[in-house]
Amino acid sequence: MSDASPGSEGAASPDELRAQRLAGLDALREKGIDPYPVRFDRDHSLAELREQFGDLEPGAETDVTVRVAGRLLLIRRQGKLTFATLRDASGSVQLFVSRSVIGTEEHEQFDALDLGDWVGVEGTVMTTRKGELSVKVTRAQLLSKALRPLPDKWHGLADVDTRYRQRYADLIANEDAREVFRVRFAAIAAMRAHLVERGFVEVETPILHVVAGGATAKPFVTHHNALDMDLYLRIAPELYLKRLVVGGFERVFEIGRNFRNEGLSTRHNPEFTMLELYEAFVDYHEMMDLAEGLITGAALAALDTTVVTVDGEPFDLAKPWRRASMRELIAEHAGVDVHPSMPVADVAEIARRFDIPIEKDWGSGKLMLEIYEKTTEGNLREPTFVLDYPVEVSPLARVHRDDPLLTERFELVIGGREYANAFSELNDPVEQRTRLEAQARLGAGGDDEAMGYDADYVRALEFGLPPTGGMGIGIDRVVMLLAGVSSIREVLLFPHLRPEVAE
RNA sequence: GCGCCCUUAGCUCAACUGGUUAGAGCAACAGACUCUUAAUCUGUAGGUUCAGGGUUCGAGUCCCUGAGGGCGUACCA
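This structure is a prediction, so every number in the text was calculated from the model and none was measured. (Residues numbered from 1 in each chain as written. Chains lettered and ligands numbered in written order. Predicted model: local features only at pLDDT ≥ 70, side-chain atom pairs only at ≥ 80, totals over all residues. Heavy atoms only, no water.)

Chemist: What is the right way to read the environment of Pro219 from this model?
Modeler: Relative to the elements of secondary structure, Pro219 occurs in the loop between β7 (208–209) and β8 (221–224). Sequence separation between Pro219 and Ile235 is 16 residues; the distance between their C-alpha atoms is 6.2 Å. If we skip the residues at most four places from it in the chain, Pro219 touches Ala212, Tyr232, Leu233, Ile235 and Asn261. (Helix = DSSP H or I, 4+ residues; strand = E, 2+ residues; numbered from the N terminus. Contact = heavy atoms within 4.5 Å.)

Chemist: Help me out: how do you make sense of helix α7 (residues 175–197) in this one?
Modeler: An α-helical turn contains 3.6 residues, so a residue and the one three or four places further along point in the same direction. Relative to the 33 Å expected for 23 residues at 1.5 Å per residue, α7 spans 32 Å between its end C-alpha atoms, a close match to the ideal helical length. Among the residues of α7, those classed as buried are Ala177, Val180, Phe181, Val183, Arg184, Ala187, Ile188, Ala190, Met191, His194 and Leu195. The elements touched by buried residues of α7 are α5 (160–165), α6 (167–173), β10 (251–259), β11 (271–280), α9 (284–303) and α15 (475–483). Downstream of α7 by one or two residues, Gly199 has phi in the positive range, about 85°. (Expected span 1.5 Å × (residues − 1). Buried < 20%, exposed > 50% of the residue type's maximum accessible area, 1.4 Å probe, protein only.)

Chemist: Even after reading the chapter, I still don't get the nonpolar core, so can you show me in this structure?
Modeler: Looking at soluble globular proteins, one finds that nonpolar side chains tend to be buried together. Within the largest apolar cluster, 46 residues are counted, with the highest numbers of intra-cluster contacts made by Leu275, Leu277, Leu294, Leu317, Phe410, Met471 and Leu482. In terms of residue count, the dominant contributor to this core is α9 (ten residues). Ignoring anything within four residues of it in the chain, the contact list for Leu277 reads Leu195, Phe200, Val252, Phe253, Met287, Leu290, Leu294, Gly469, Gly470 and Met471. (Core = buried A, V, L, I, M, F, W, Y, C linked by side-chain atoms within 4.5 Å.)

Chemist: For this particular structure, what's the right way to read the sheet that holds strand β18 (residues 409–414)?
Modeler: Backbone-to-backbone hydrogen bonds pair the strands of a sheet. The strands run either parallel or antiparallel. Here we have eight strands laid out as an open sheet, ordered β6-β10-β11-β20-β19-β18-β15-β14, and mixed in their pairing. Only two strands of the sheet have a single partner each, and these edge strands are β6 (201–202) and β14 (322–325). Relative to β10, β6 runs parallel, the two being bridged by two bridges. Across the sheet, the residue bridging to Glu202 is Phe253, located in β10. Of the strands in this sheet, β6, β10 and β11 are in contact with α7, which crosses β10 at around 150°. Where helix α10 (residues 326–334) meets the sheet, it contacts β14 and β15 (384–387), and its direction lies at approximately 90° from that of β14. (Pairing = 2+ DSSP bridges. Axes fitted to C-alpha atoms, helices over the stretch in contact; angles between N-to-C directions.)

Chemist: When you look at the packing of aromatic side chains in this model, what are you seeing that I'm missing?
Modeler: The description of an aromatic ring pair rests on the distance of the ring centres and on the angle between the ring planes. Inspection of the entire model under this criterion finds six aromatic pairs. A centroid spacing of 5.5 Å and a plane angle of 80° characterise the contact between Phe83 and Phe96, whose relative ring orientation is edge-to-face. Separated by 13 residues along the polypeptide, Phe83 in strand β2 (residues 81–87) and Phe96 in strand β3 (residues 92–98) bring together distant segments of the chain. Phe96 gets classed as buried once you look at its relative accessible area, which sits at 15%. Aromatic rings pair up to connect Tyr284, Trp321, Phe385 and Phe410 into one cluster. The cationic tip of Lys366 hangs over the ring face of Trp362; the distance from NZ or CZ to the ring centre is 5.1 Å. Between the NZ or CZ atom of Arg409 and the centre of the ring of Tyr389, over which it lies, the distance is 4.2 Å. (Phe/Tyr/Trp six-rings, centres within 6.5 Å; stacked < 30°, edge-to-face > 60°. Lys NZ or Arg CZ within 6 Å of the ring centre and 35° of its normal.)

Chemist: Got a minute to help me understand the confidence of the model for chain A in this structure?
Modeler: Interpretation of this model should avoid reading the predicted coordinates in detail wherever pLDDT is low. With 96% of its residues at a pLDDT of 70 or more, chain A shows a mean pLDDT of 92. Predicted confidence for residues 1–11 stays below pLDDT 50, and this span has eleven contacts to residues more than four positions away or in other chains. Among the scores for the predicted complex, ipTM is 0.93 and pTM is 0.93. (pLDDT = per-residue confidence, 0-100.)

Chemist: How should a negative patch on the surface be read in this particular structure?
Modeler: On the surface, Glu359, Asp361, Glu392 and Asp447 cluster together into a patch of negative charge. Looking at the element boundaries, Asp361 is found in the loop between α11 (344–353) and α12 (364–375). Judged by its relative accessible area of 47%, Asp361 is partly exposed. (Patch = residues over 30% accessible without salt bridge, like charges linked within 9 Å, V, L, I, M, F, W, Y side chains within 5 Å. Areas by Shrake-Rupley, 256 points an atom, 1.4 Å probe, with all protein chains shown as cover. Salt bridge = Lys/Arg side-chain N within 4 Å of Asp/Glu carboxyl O. Lys, Arg positive; Asp, Glu negative; His and termini not counted. Charge placed at Lys NZ, Arg CZ, Asp CG, Glu CD.)

Chemist: Even after reading the chapter, I still don't get the pattern of salt bridges, so can you show me in this structure?
Modeler: Applying the stated rule across the entire model yields 39 salt bridges. Between Arg182 and Glu179 there is a salt bridge, and its shortest N-O distance comes to 2.8 Å. Residue Arg182 and its partner Glu179 are located together in helix α7, separated by three residues, close to a single helical turn. What makes Arg182 partly exposed here is its relative accessible area of 38%. Two residues, Asp311 and Arg417, come together in a salt bridge whose shortest N-O distance is 3.2 Å. In this pair, Asp311 is assigned in the loop between β12 (307–310) and β13 (313–316) and Arg417 in strand β19 (residues 417–424), connecting sequence segments 106 residues apart. What emerges from the salt-bridge pattern is a single network uniting Arg21, Asp114, Asp117 and Lys145.

Chemist: How should the domain arrangement of chain A be read in this particular structure?
Modeler: Size of an interface, as often reported, equals the accessible area lost when the parts are brought together. Along its sequence, chain A is organised into domain 1 (14–153) and domain 2 (172–321 + 382–491). A separation of 47 Å is found between the C-alpha centroids of domain 1 and domain 2. (Domains from an automatic or database assignment.)

Chemist: Would you mind showing me how to read the sheet that holds β3 here?
Modeler: Pairing in this closed barrel of five strands is mixed, and the strands run β1-β2-β3-β5-β4 around the ring. Between one strand axis and the next, the sheet turns through 50° on average, direction left out of account. Two elements, β2 and β3, share seven bridges in a ladder whose sense is antiparallel. Bridge pairing links Leu86 to Val93 in β3. Lying over the sheet, helix α2 (residues 46–53) contacts β1 (61–77), β2, β3, β4 (118–127) and β5 (133–144), oriented at roughly 80° with respect to β3.

Chemist: Whenever I open this one, the environment of Tyr36 confuses me. Can you help?
Modeler: Looking at where Tyr36 falls in the secondary structure, it is placed in the loop between α1 (14–30) and α2. Judged by relative accessible area, which is 35%, Tyr36 ranks as partly exposed. On a C-alpha basis, the gap between Tyr36 and Phe200 in space is 45 Å, while along the polypeptide they are 164 residues apart. When sequence neighbours within four positions are dropped, the list of residues in contact with Tyr36 reads Leu25, Arg29, Leu143, Ser144, Lys145 and Leu147. Side-chain polar atoms of Tyr36 contact the backbone oxygen of Lys145, separated by 3.0 Å. (Polar contact = N/O pair within 3.5 Å; in protein donor to acceptor, adjacent residues only side chain to side chain.)

Chemist: Just checking my understanding: could you explain the side chain of Thr85 for this structure?
Modeler: Position of Thr85 relative to the elements: it lies in strand β2. Looking at Thr85, the relative accessible area reads 16%, which means it is buried.

Chemist: When you look at the pairing of strand β20 (residues 468–474) in this model, what are you seeing that I'm missing?
Modeler: Where a strand is regular, its side chains alternate between the two sheet faces. The buried fraction of β20 is high, at seven of seven residues. Of the two faces of β20, the one carrying Thr468, Gly470, Gly472 and Gly474 and the one carrying Gly469, Met471 and Ile473 are both buried. In the sheet, β11 pairs with β20 via seven bridges, with the strands oriented antiparallel. Across the sheet, the residue bridging to Leu277 is Met471, located in β20. Sheet topology note: the β19/β20 ladder contains five bridges and is antiparallel. Looking across to β20, one finds that Ala422 is bridged to Met471.

This is the structure:
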């Protein structure tokens, strides 16, 4: 680095630092070193290396030559001997770079590497006197030059904004972040395997919808130029998945993104991942069994335990989860008996006692749900299936076999938060039409979250949807539960943020 | 949307009730060092204190506006 760039004399302002490293690139090229070579053939991951040689005695030398690659995270220069910590996706190992082994010129080249550089090395496996497994390097090759400095090697990257915007830097610097996403991927893989083992097929359905249905939420609107029409990003895949059951796929699931044009919070991101599944010939009771199996199995696969911690409180997911009706849970937590058969004025009176703001077109069922959400949901600590929601707030769920004003529907609540929503599906096309028409009237009346009327969906039902149980599980929230984090942004690789001010 | 809080070097953090030249560690640069482990030691450089305005003899610190973020709340199957 003897070049006359502004950075050559030890300057370290951001611009100068970059200029200095860019100048370093030129210097490397002049020496015939490609800072971005095309490939490197390794024969061991670092975990494999540790697995094979982890129990060598201190001070051991082997004549086993290995080729490994990774990112340089720490360098301890010691004059004619350099130690470095190399990390790949599987683990890390120490490099032992001795001038007497690789020669002065090679050693100086190694010492010129920066933290953050990717390198590939060849060398023999050894341990130091203190027993640290190391590769005694005989050849080292720069694989990719880092132009930006790593975050603080001890404290990592703490600034939340930067962690989310520059997730790559977060992942390099913070073990905690890597762990959260390891849990995420393991949990999703486990749930997928659980379903495939049980004969479910994974499908993909449209994300661009002509009618945003399957849930009640504000959609994102986009525009198709060639067709000159507005389309909606899906708020749920439900109606398409049930079309597939009509078509004869008896067990289907989809893991994918839903989009809802609503507020952000520690539990809400405008795009989030949902697992939805449908199984023919069963009802919501099987969905409860399946929810327990999916979530407990995901915990075991990702954490090796079924014990999770919510707000500092441990729960063992392995125990059977409580199943109780909304009505009895409200009675327990609010001390009132509420049912959609009660006159609206009476239920509204109860709602007012709990300071619930009431809208004019709400019926007893909607009021009952509001009372539940205000008084009960947040207080359900243990995993609980909340059963039997009012028909009024469940336009796609089948009416309860024992009560015409309730549906066979449940939500799963753990630590006061919702994780799943499921029902015995409504498969009577005539009734479905009536219920969707009621939703459409709400929409026409100004309710921008009413479900749109999807005529083709009703047509599909007219071909016959078998008795079917269906469920949606909020994957991001399950991952939060397993990873023990309290913000959804921590489990999203790239959470939604406002645009960054130009650098 | 509303309320409270935060934003200081590439990173992690300091700076008493407003006080004069904004400090430290890591990273960087120069040097010493062949068994280190966040290596150590010596030296050097690095700042529009988020942006803009205001109050003041004097502002990182107080006030206003804006930007970004966090938490709460509202909305939200």
